[in-house]
Amino acid sequence: LSPDWLTVTLVLGGVLVCYYLVPVAALFLSVPLGDVIVQMSDPSVVQVVATSLVGATISTVVATVFGVPLSYWLSREQSRRSSIIVGIVVLPLVLPPIVSGMVLHMVFGPSAPIGRLAAAVGVQTWRSLLGVVLAQTFVASPFVVVTSLAAFSGVDPTLEAASRSLGKGRLTTVYRITLPLAMPGIVAGMALAFARAMGEFGATMIMAYHPETMPVRIWLAFSGRGVDTAFPIAILLVLVSVAVLVVLN
Amino acid sequence: LSPDWLTVTLVLGGVLVCYYLVPVAALFLSVPLGDVIVQMSDPSVVQVVATSLVGATISTVVATVFGVPLSYWLSREQSRRSSIIVGIVVLPLVLPPIVSGMVLHMVFGPSAPIGRLAAAVGVQTWRSLLGVVLAQTFVASPFVVVTSLAAFSGVDPTLEAASRSLGKGRLTTVYRITLPLAMPGIVAGMALAFARAMGEFGATMIMAYHPETMPVRIWLAFSGRGVDTAFPIAILLVLVSVAVLVVLN
Amino acid sequence: MLELTTLRTSYDAFDLGPIDLTVENEVLAVLGPSGSGKTTLLSTIAGIVDADGGMVTLNGTELTERPPEDRDVVLVFQDGALFPHMTARENINYAATGATPIDALIETLELTEVLDRNVETLSGGERQRVALARSLATEPGALLLDEPLANLDAPIRHRLRHELRDLFVSLTIPIVYVTHNQRDAAVVSDRIAVIHDGDVHQVDTPTELFAHPETPLVASFTGNVNVFRARIADHDRLEWSGRRMCAPIDGRDVGQSVQFCIRPEHVSVVQSSTNNPNVFAGTVTKSVFQGSSYNLTVQLKHATDPVRLTLSSRTYDRLELAEQEQLRIKLNTNYIHII
Amino acid sequence: MLELTTLRTSYDAFDLGPIDLTVENEVLAVLGPSGSGKTTLLSTIAGIVDADGGMVTLNGTELTERPPEDRDVVLVFQDGALFPHMTARENINYAATGATPIDALIETLELTEVLDRNVETLSGGERQRVALARSLATEPGALLLDEPLANLDAPIRHRLRHELRDLFVSLTIPIVYVTHNQRDAAVVSDRIAVIHDGDVHQVDTPTELFAHPETPLVASFTGNVNVFRARIADHDRLEWSGRRMCAPIDGRDVGQSVQFCIRPEHVSVVQSSTNNPNVFAGTVTKSVFQGSSYNLTVQLKHATDPVRLTLSSRTYDRLELAEQEQLRIKLNTNYIHII
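For clarity, every value in this text was computed on a predicted model and none was experimentally measured.

Criteria and thresholds
Residues numbered from 1 in each chain as written. Chains lettered and ligands numbered in written order. Predicted model: local features only at pLDDT ≥ 70, side-chain atom pairs only at ≥ 80, totals over all residues. Heavy atoms only, no water. Helix = DSSP H or I, 4+ residues; strand = E, 2+ residues; numbered from the N terminus. Buried < 20%, exposed > 50% of the residue type's maximum accessible area, 1.4 Å probe, protein only. Areas by Shrake-Rupley, 256 points an atom, 1.4 Å probe, with all protein chains shown as cover. Lys, Arg positive; Asp, Glu negative; His and termini not counted. Charge placed at Lys NZ, Arg CZ, Asp CG, Glu CD. Axes fitted to C-alpha atoms, helices over the stretch in contact; angles between N-to-C directions. Left-handed = near helix turned anticlockwise from the far one by under 90°. Nonpolar A, V, L, I, M, F, W, Y, C, P; charged D, E, K, R; others polar. Domains from an automatic or database assignment. Buried area = accessible area lost by both parts, 1.4 Å probe. Salt bridge = Lys/Arg side-chain N within 4 Å of Asp/Glu carboxyl O. Polar contact = N/O pair within 3.5 Å; in protein donor to acceptor, adjacent residues only side chain to side chain. Contact = heavy atoms within 4.5 Å. Pairing = 2+ DSSP bridges. Patch = residues over 30% accessible without salt bridge, like charges linked within 9 Å, V, L, I, M, F, W, Y side chains within 5 Å. Least-squares fit on C-alpha atoms with pLDDT ≥ 70 in both. pLDDT = per-residue confidence, 0-100. Expected span 1.5 Å × (residues − 1).

Participant: Just to check I follow, could you spell out the overall build of chain C for this structure?
Facilitator: What chain C contains, in helices and strands, is nine helices and 20 strands. Its C-alpha atoms give chain C principal-axis dimensions of about 70 × 45 × 35 Å. Considering chain C as a whole, with its 339 residues, one finds that 55% of them fall into the buried category. When the accessible surface of chain C is totalled, it reaches about 13,900 Å², and 44% of it is carbon and sulfur. Side-chain charges in chain C split into 29 positive and 46 negative, and the spacing between the mean points of these groups amounts to 11 Å.

Right, dumping it as structure tokens:
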């Protein structure tokens, strides 16, 4: 790097970093913290936060239970079949959330086969907490699979071979060697999935406009109703995101 | 893996994979392809697609120009300062898009300082193509930085040292050794950013409800106006996402 | 007793075998260059790589279809494969069956000091000793070692080589020790199997193998660099580039084309001019100091290929040799080996 | 001429130097165990690691503050550091200044066959030769090599070692060759610098260094494993565990405590019983075949520390030695070295 090149780099990069940082800082500087805390006790805000937290927690647990075994299998199976499955797992990550909501609506919506079937036995898969969970799981669970897959792949297969050569079966080996070594990655994946579920907006708008989650409430605030309630919710979401960043490091 | 464990794993994983795949397949099976092509010639659809493509292209170019030099610098600078900057870069990735839109609105909106300043010189930073680009860049550009950073970090610094020891300056070394080796990663980051920009919904809803982008149009279709136009747009978005997946492998 | 019967496998487009080997309660070194299939062989015996055919049996029990954990065979990996989230002690306890006196093992391998250290902080030699203790804690029926000394510095390598030999002698189980280092193989083993491109070329005691290689390949890989073409002249003589010399013909057919070899350290320099048919005149074309000895390349008058010889610095100093110097060398009949 | 003057640096919490070294148009081998600072030294000379103090000059030009590309010094990295997106030819052309006859270089290094191959497909030896050709294509003012033979198999290593020596002699520039292998150092270099923990312990010609180490550390690292404590008895004798023997005292003070060493290959076995003060009786406690020689450990009657000796298999066979056998050994006065 000649000095000029370094300068150009740092100026360009600096603009980008400011573009990320300034708006977020503006959020925290715009309202006195006291006001935000007062607004947080608004019962409708509490209800919205509760819906988001419960939904995101369920989604994360479902993603972990279904996803971690899959990612272990994917990490140890090196075949064309497994790389197709990885492609399918990554698909929801690159799919726009609004499209995710739309395709889910075509399966679980009021006029869709599964949606009608579920409604017939008294379970409503749209405009319900279940709808929220369905949307959040679709969008967030791939984070658990992809991050755990990377974590499992980072565990040297030689260590598993060594454990088995020492007389330990595959289950013991996975529990005592592979899982402990992959755990930081799995936790990171869960944190990412939780944050993604908390922030889910596009798919939720289509699948479950009600009960309101935090992002939906922010949108409603901006489209006219109770702008002030958007601030504590936005700050809460930023804090969850920052907490995830901290977990990731 | 005892056989039972493998079975449980494959059943759990299979459920998850089906949950990703079936809704997407449903989209393609629900409408005859002929109808979709007819709807695509609808001038309002063409307008929406054009807005999305132009916006996403500009955002990707901006992200590359500003982001790639930054990520090279980050990959070679190992300090507390650089790890804080990496944290700032990752922030928009974990921030819910609706919150991103909200914080951008606080800086570039009609009642915000920069928004008013720009409006005074005749540039509208909200409800405009510029607003779309601002939203998409905020949300999508970190993909370029993070992926390029990984790509640059994957280039052995020994190769750069070798090039310089062979008498080549830093600029020559970067252009002939580092960039060619990091190129696949940089292209992957650009593809991810483009796809993310195309699918951007939450931040765009707040910053630039008009001119309509493809995700906004899907939402409008679902909230009542012209449901049919949602299908070609959704299919187009899925195809863009799949194309990105192919580039990534 | 560990027996391999026509064992075959293919791994990463590399074909191993068929291999037949019997390992008694002894140390068998498997010696070969990198890429010769040594590690694949161990992995197949341990069950980490599946065999494509043939059989592995340990003390009469067939292991071929069993998973690694049911084979009673422990593989010590090249870098030790210690579990990084455990201390040295935890690594050893993980493997312990309960029946073994771990303490004695820890003492023998001088691990008392490092037991509670994170394994990432151990030196290369310490890692290898922990890996060995961990493996022996399972009281295995057979022990497989993959280049345990490969990444160690020369002085540690030298010490550990001798310690390993003593330890191996105290165990009475079949031990297979893979290495690409001929000195490691010679010091550590009772017998050596030379492997190349997935095939076993020769199995013999170290002294036999180094003195009497059966093929030019084994000769070159055991440092037997002087290999020449010759013809059987009569019942006790070899014709080499027109000169006849005494050699152990062992009843081969007269007129047959053969190759013979002699190790560089078995070629001696003679000072007096004699009529001995095994003494040849030549010129030193190159003389290289190697630390503890000198390597001489000698161009003989009668032959085209040069002869390499090694002299101790004591002998070298006494003879006052230098490049371009004339000299006479003797190929002692006892050390000539016909392939 | 490459000159290092009180050169100091710290890298990864490791302190190197201060180091003073002068390299004429010769090959200087830097010999030391891993972690001794060898690679850091090369990186500092090449400008890849910044010096904390001191100076590097090449033919009178100070380089210390210059970036690596302006030093006219080329570093050949341990694994070659070939550019993976280029063929062998492209790697060499990348470095070529235009002035050099690349073709001759390619021929000397026998690279014609591999020129258009992807460098990822080359063998270890081929990679090293491409890296060397690439470095020489810049017509450097000095050449630095970091363990170029470290990852090669023994036979290739042996060949390349001699080829390198020939190549180096044909270049008339300062060459610094880093290695942890004493044999590589002895074969390749004109002088050897022994480095340990970031400090230079001794710089000498190979023969001097191996015969006359200045410190016990240099002695042990050059395979001089017999180091004993003794006392100067008179002007030509050493008192060692109560016995007096002849030694090159070189005017040291009588009564002074010293250490003396003798290389294992310089200890000889004598058969007749004589009154020579340098002949000692003892018992063979261990005898190990090492491929081309035997290592004997002998417990002397009068001393506590055992003496190690190396015998060629020829001598060993003739003497018919075995473990627990009684024998007499002689420490030849000429080979005793007092530290």
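Participant: For this particular structure, what's the right way to read the packing of helix H3 (residues 43-76) of chain B against helix H7 (residues 129-153) of chain B?
Facilitator: For any two helices packed against each other, one specifies the crossing angle of their axes together with the interaxial distance. All names here are of chain B. Where H3 meets H7, the closest approach of the two axes is 6 Å, and the angle between their N-to-C directions is 35°. Between H3 and H7 lies a crossing whose hand is right-handed. Across the contact of H3 with H7, the residue classes break down as 15 nonpolar, 13 polar and one charged.

Participant: What is the right way to read the domain arrangement of chain C from this model?
Facilitator: When the parts of a complex come together, some accessible area is lost, and that lost area is often used as the size of the interface. All names here are of chain C. Structurally, chain C comprises domain 1 (2-72 + 140-218) and domain 2 (225-338). The straight-line distance from the C-alpha centre of domain 1 to that of domain 2 is 34 Å. Together domain 1 and domain 2 conceal approximately 450 Å² of surface at their shared face, both sides included; 57% is due to carbon and sulfur atoms. Area buried by domain 1 at its contact with domain 2 is led by Phe210, Pro213 and Pro216, which between them contribute 68% of it. Scanning the region where domain 1 abuts domain 2 turns up zero salt bridges. Our count for the domain 1 to domain 2 interface comes out at two residue pairs in polar contact (both at pLDDT 80 or more). Among the residues making up the side of domain 1 that touches domain 2, the classes are represented as four nonpolar, two polar and no charged.

Participant: I keep staring at the environment of D:Pro68 and nothing clicks. Help me out?
Facilitator: Residues and elements named next belong to chain D. Along the chain, Pro68 turns up in the loop between strand E5 (61-62) and strand E6 (73-76). Assessed through its relative accessible area of 8%, Pro68 is described here as buried. Spatially, the C-alpha atom of Pro68 lies 27 Å from that of Asp166, the residues being 98 residues apart in sequence.

Participant: Looking at this structure, I do not really get the interface of chain A and chain B. What am I missing?
Facilitator: Taken together, the contacts link 76 residues of chain A with 77 residues of chain B. Three residues, A:Tyr19, A:Tyr20 and A:Met102, lead the burial of chain A against chain B; their summed loss comes to 11% of the area buried on that side. Taken together, the connections running from chain A to chain B amount to six residue pairs in polar contact (both at pLDDT 80 or more). Ranked by the residues each element gives to the side of chain A that touches chain B, the list is headed by helix H1 (residues 3-30) of chain A, at 18 residues.

Participant: Would you take a moment to explain the environment of B:Val89 for this structure?
Facilitator: Looking at where B:Val89 falls in the secondary structure, it is placed in helix H4 (residues 80-94). On the basis of relative accessible area, B:Val89 is assigned to the buried category, the value being 2%. Between the alpha carbons of B:Val89 and B:Val145 there is a distance of 7.5 Å; along the sequence they are 56 residues apart. With residues near it in sequence (within four places) discarded, B:Val89 still touches A:Tyr20, B:Leu70, B:Pro142, B:Val145 and B:Val146.

Participant: What am I meant to see in the sheet that holds strand E3 (residues 27-31) of chain C here?
Facilitator: Across a sheet, paired strands are connected by hydrogen bonds in the backbone, their directions being either parallel or antiparallel. Residue and element names in this part refer to chain C. Spatial ordering of the open sheet is given by E6-E7-E8-E3-E9-E10, a layout of six strands whose pairing is mixed. Of all strands in the sheet, those bounded by a partner on one side alone are strand E6 (73-76) and strand E10 (199-204). Here the strands of the sheet are splayed against their neighbours by 20° on average, with no regard to which way each runs. Taken together, the four bridges between E3 and strand E9 (residues 191-196) define a ladder with parallel strand orientation.

Participant: How should the arrangement of the chains be read in this particular structure?
Facilitator: The chain pair with the greatest number of contacts, out of four pairs of chains in contact, is formed by chains A and B. These two, chain B and chain C, are apart from each other, with no contact and a minimum C-alpha gap of 11 Å. Regarding chain A and chain D, which are not in contact, the minimum distance between any of their C-alpha atoms is 11 Å.

Participant: Explanation requested: the interface of chain A and chain C in the structure shown.
Facilitator: In this assembly, 18 residues from chain A lie in contact with 19 residues from chain C. Summed over the three residues of chain A that lose the most area to chain C, namely A:Arg164, A:Ser165 and A:Leu166, the buried surface amounts to 38% of that side. The tally of links from chain A across to chain C stands at one salt bridge. C:Glu69 is the partner of A:Arg164 in a salt bridge, and the nearest nitrogen-oxygen pair spans 2.9 Å. In this assembly, chain A and chain C are joined by five residue pairs in polar contact (both at pLDDT 80 or more). Contributing elements (two or more residues each) for the side of chain A that touches chain C: helix H8 (157-165) and helix H9 (170-199) of chain A. Split by residue class, the side of chain A that touches chain C holds seven nonpolar, seven polar and four charged.

Participant: Is there a simple way to explain the sheet that holds strand E11 (residues 226-234) of chain C in this structure?
Facilitator: Read from one edge of the open sheet, five strands run E13-E12-E11-E14-E20 (chain C), paired in antiparallel fashion. The sheet is open, and its two borders are formed by strand E13 (243-246) and strand E20 (337-338) of chain C, each paired with just one other strand.

Participant: Even after reading the chapter, I still don't get a nonpolar patch on the surface, so can you show me in this structure?
Facilitator: Together, A:Val54, A:Ile58 and A:Leu129 make up an exposed nonpolar region whose accessible area comes to about 210 Å². Position of A:Leu129 relative to the elements: it lies in helix H7 (residues 129-153).

Participant: I'm lost on the relation of the copies chain A and chain B in this one. Help?
Facilitator: Once turned by 180° and shifted 0.0 Å along the axis, chain A lies on chain B with an RMSD of 0.0 Å. In the structure described here, the two chain copies are related by an operation that fits a two-fold rotation axis. Across chain A, the rotation axis passes nearest the C-alpha of A:Gly202, at a separation of 3.3 Å. A shared binding surface is used by both copies, with 100% of the interface residues of chain A retained as interface residues in chain B.

Participant: It is not clear to me how helix H1 (residues 38-46) of chain C should be interpreted in this structure. Could you clarify?
Facilitator: Owing to its 3.6 residues per turn, the α-helix aligns residues three or four sequence positions apart on the same side. Residue and element names in this part refer to chain C. Counted residue by residue, H1 has eight buried out of nine residues, so it is predominantly covered. Residues Lys38, Thr40, Leu41, Leu42, Ser43, Thr44, Ile45 and Ala46 constitute the buried set of H1. Looking one or two residues beyond H1, the residue adopting positive phi is Gly47, at roughly 90°.

Participant: I'm lost on the pairing of strand E18 (residues 307-312) of chain D in this one. Help?
Facilitator: Consecutive side chains along a regular strand alternate between the two faces of the sheet. All names here are of chain D. Along E18, the buried face is formed by Val307, Leu309 and Leu311; none of Arg308, Thr310 and Ser312, which line the opposite face, is buried. The pairing of strand E17 (residues 293-300) with E18 spans six bridges and is antiparallel. Its bridge partner being in E18, Leu296 is matched across the sheet by Leu309. Linking E17 to E18, which pair antiparallel, is a turn of six residues.

Participant: I'm lost on the confidence of the model for chain C in this one. Help?
Facilitator: Low pLDDT marks regions whose predicted coordinates should not be analysed in detail. Taken over all residues, the pLDDT of chain C has a mean of 89, while the share at 70 or more is 99%. Complex prediction metrics read pTM 0.86 and ipTM 0.84.

Participant: Would you mind going over helix H4 (residues 124-136) of chain C with me for this structure?
Facilitator: For H4(C), built from 13 residues, the straight-helix expectation of 18 Å at 1.5 Å per residue is met to within 8% by its first-to-last C-alpha distance of 18 Å. For H4(C), the buried fraction is high: 11 of the 13 residues fall into the buried class. What H4(C) keeps buried is the set C:Gly125, C:Glu126, C:Gln128, C:Arg129, C:Val130, C:Ala131, C:Leu132, C:Ala133, C:Arg134, C:Ser135 and C:Leu136. Contacts made by the buried residues of H4(C) are with H8 of chain A together with E6, helix H2 (88-95), helix H3 (102-108), strand E7 (142-146) and helix H5 (154-170) of chain C.

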